[in-house]
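What the coordinates show
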Amino acid sequence: MQFKETTKTNTVTLAEALTAYEAPQLKEFMSKTLDDGKDLTIECADVTTVDTVGCQLLLSCSITFTPAQRTLKITAPSESIYNAFSRLGLHQLTEIVEN
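Bear in mind that the values here come from a model prediction, so they are computed numbers and not experimental data.

In this section: the environment of K8. Within the secondary structure, K8 is located in the loop between β1 (2-5) and β2 (9-13). The class of K8 is exposed, set by a relative accessible area of 64%. Each C-alpha atom of the pair K8 and Y21 lies 28 Å from the other, and the pair is 13 residues apart in sequence.

Below is the structure:
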């Protein structure tokens, strides 16, 4: 997982896995981004393994950023992200942007 901070938007590029093991690190960065009043982009192109905790965290990010009037972009979704969201019925609850 790689993190990049700029003036208005923070970006996290996910590695191969988005599971319960990686979730705390992503959650911490998400919280910091909100506290700093910035938008967040989550790049998912390299994700090959995702579990329900990873999906739940992405959904939580989406739900949390909207009332805070911050923008969350989930970009370049891998096939694993699409499949996991579809299986769990979450693809209709969150906007995923293809790059």
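A few words on unusual backbone geometry. Backbone geometry at Q69 places phi at a positive 55 degrees, although glycine is not the residue there. Looking at Q69, the relative accessible area reads 69%, which means it is exposed.

Once that is clear, we can look at the confidence of the model for the protein. Low-pLDDT stretches of the model should not have their predicted coordinates read in fine detail. Taken over all residues, the pLDDT of the protein has a mean of 87, while the share at 70 or more is 91%. The secondary-structure element of the protein with the lowest mean pLDDT is strand β7 (residues 96-97), recorded at 62, while β2 shows the highest, at 95.

Rules and cut-offs
- Residues numbered from 1 in each chain as written.
- Predicted model: local features only at pLDDT ≥ 70, side-chain atom pairs only at ≥ 80, totals over all residues.
- Heavy atoms only, no water.
- Helix = DSSP H or I, 4+ residues; strand = E, 2+ residues; numbered from the N terminus.
- Buried < 20%, exposed > 50% of the residue type's maximum accessible area, 1.4 Å probe, protein only.
- pLDDT = per-residue confidence, 0-100.

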